[in-house]
Amino acid sequence: MGGPSLVWPGADLLLAKAAQRARVPYTLSVAGGATVEQAAKAAPDVFWLQLYRFWHDDHKIGFDLVRRAQAVEAKVLVLTLDVPVRTTRSRETYAGLAHEFRPNARMIYEMMARPKWLLALLRNGYPRFATISDYARPGAGTNEIIAFARARMGGAFSWEEVKRYRDAWKGPMAVKGILHPQDAEKAVALGIDGIWVSNHGGRQIEALVPTIDVLPAIAAAVGKKATIMLDSGVRSGQDVMRAVALGADMAFAGKSFLWAVAALGDEGPGYLIDLYIDELRASLGQIGAQSIAEARAATIRHPGAIAFAAKTRTARKR
Ligand SMILES: Cc1cc2nc3c(=O)[nH]c(=O)nc-3n(C[C@H](O)[C@H](O)[C@H](O)COP(=O)(O)O)c2cc1C
């Protein structure tokens with residue numbers, strides 16, 4: 001996620017460190033509040049880097065970040081494909097996120113009432129988009145960095161561009177935002193190792209399908225050739241088990257980690273990882289599964305699963 005440090009100053013590295021301790025993957029957003037080098041240091045065994053489409057100057061920023069991620073031995077490169085345009089997010093506007101930060105009396109009162117948050121702010125400074133700030137003018141403020149990034153990113157990745165990143169990146173690579181088996185097949189044909197089934201946590205457009213509904217068809221199409229990942233709506237260990245039972249190899253969570261740092265500060269990410277693991281263990285135990293692999297073999301009912309047209313045609317032929 002971009003901007004976790006807006007919720008709790010320094011949150012990017014808190015998330016990275018908690019992930020490292022638990023040995024679960026941590027993905028730094030290109031819109032994150034830490035540099036590639038800082039994140040790799042905090043999470044040396046589990047650091048993944050996510051990129052948006054920085055098309056400007058023939059993807060100069062994108063490929064430079066690939067080089068830096070390679071230099072710090074990031075484990076996985078993730079290209080997010082599902083933000084071809086900036087959408088209107090009225091709740092962000094309503095919350096004042098779209099504007100220059102000008103604390104009003106209520107905000108100042110709220111900050112004063114939360115000394116731990118204030119301390120985190122003093123320790124970490126005002127949140128900056130550190131992942132890309134090196135490319136902007138030295139000393140540029142947050143708004144200038146946002147404007148700089150917005151002028152250089154956007155548009156849909158073409159498959160040719162995905163291939164260029166695939167060729168540049170020497171390790172495993174995932175594409176995020178896949179919702180159709182044909183896109184998954186196309187990505188795998190280009191040498192992509194991980195298919196990250198995501199609707200961006202419902203933030204881009206509400207009209208999208210729930211990821212759990214398209215997961216079975218995508219897993220059936222490419223599950224033997226790629227690692228299948230799922231996010232968007234994962235809120236518990238039980239949700240992780242559901243994802244696994246319907247074809248995912250891994251599940252990821254976004255907003256719940258923001259809520260965890262908002263509620264518990266420094267302790268939030270570690271607390272939530274433990275909660276996910278405990279709930280996952282208990283859920284597996286409850287269905288009589290000794291392992292994740294056994295959960296995958298569980299008999300399940302999912303009436304919402306979408307049967308895609310191509311699959312239906314094949315089924316009819318049979
Ligand atoms: C505040 C916020 C910022 C996000 N920023 C990014 C981003 O920079 N790159 C990206 O690929 N996805 C981003 N996402 C989407 C998440 O990576 C993830 O797909 C989504 O949050 C998962 O759904 P969940 O929040 O229901 O767990 C963001 C999500 C949130 C809530």
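Now for a look at the structure at hand. Just so we're clear, the structure is a prediction, and the values are computed from it rather than from any experiment.

Moving on to the sheet that holds strand β1 (residues 26-28). The strand order across the open sheet built from 7 strands is β1-β2-β3-β4-β5-β6-β7, with neighbouring strands paired in parallel fashion. Sheet topology places β1 and β7 (250-251) at the edges, where each strand pairs with a single neighbour. Summarising the sheet, strand β2 (residues 47-51) and strand β3 (residues 76-80) pair through 4 bridges and their orientation is parallel. Its bridge partner being in β3, Gln50 is matched across the sheet by Val78. Set on the sheet, helix α12 (residues 211-222) makes contact with β4 (173-178), β5 (194-197) and β6 (227-230); between it and β6 the angle comes to about 175°.

Right, let's talk about the pattern of salt bridges for a bit. For the structure on display, the rule yields 16 salt bridges. One network of salt bridges, in which partners are shared, links Glu37, Arg68 and Asp134.

A few words on helix α14 (residues 255-264). Burial in α14 covers these residues: Ser256, Phe257, Leu258, Ala260 and Val261. The first or second residue beyond α14 is Gly265, which carries a positive phi of 60°.

Taken together, 19 residues surround the ligand, and among them Ser29, Thr80, Asp231, Gly233 and Gly254 come closest. The contact in question runs from an oxygen atom of the ligand to an N or O atom on the side chain of Lys176, over 2.9 Å. Lys255 is positioned with one of its backbone polar atoms (N or O) 2.8 Å from an oxygen atom of the ligand. When the ligand is considered free in solution it has 610 Å² of accessible area, and contact with the protein chains removes 92% of it. Here the shell around the ligand is built from residues that sort into 4 nonpolar, 10 polar and 5 charged.

Time to look at the environment of Ala69. Here Ala69 lies in helix α4 (residues 56-71). Sequence spacing of Ala69 and Trp169 is 100 residues, and the spatial spacing of their C-alpha atoms is 9.0 Å. Excluding residues within four positions of it along the chain, Ala69 makes contact with Val36, Leu49, Ala74 and Trp169.

Counting across every chain of the model gives 6 aromatic pairs. Taking the centre distance of 6.3 Å and the plane angle of 85° together, the rings of Trp48 and Trp196 count as edge-to-face. Of this pair, Trp48 sits in strand β2 while Trp196 is found in strand β5, placing the two residues 148 residues apart along the sequence. Using a relative accessible area of 9% as the deciding quantity, one classes Trp48 as buried. Where Phe257 meets Tyr276, the ring centres are 6.0 Å apart and the plane angle is 20°; that geometry is what we call stacked. Taken together, the residues span a long stretch of sequence, with Phe257 in helix α14 and Tyr276 in helix α15 (residues 268-286) at a distance of 19 residues.

Calculation notes
Residues numbered from 1 in each chain as written. Predicted model: local features only at pLDDT ≥ 70, side-chain atom pairs only at ≥ 80, totals over all residues. Heavy atoms only, no water. Pairing = 2+ DSSP bridges. Helix = DSSP H or I, 4+ residues; strand = E, 2+ residues; numbered from the N terminus. Contact = heavy atoms within 4.5 Å. Axes fitted to C-alpha atoms, helices over the stretch in contact; angles between N-to-C directions. Salt bridge = Lys/Arg side-chain N within 4 Å of Asp/Glu carboxyl O. Buried < 20%, exposed > 50% of the residue type's maximum accessible area, 1.4 Å probe, protein only. Near = heavy atom within 4 Å. Polar contact = N/O pair within 3.5 Å; in protein donor to acceptor, adjacent residues only side chain to side chain. Areas by Shrake-Rupley, 256 points an atom, 1.4 Å probe, with all protein chains shown as cover. Nonpolar A, V, L, I, M, F, W, Y, C, P; charged D, E, K, R; others polar. Phe/Tyr/Trp six-rings, centres within 6.5 Å; stacked < 30°, edge-to-face > 60°.

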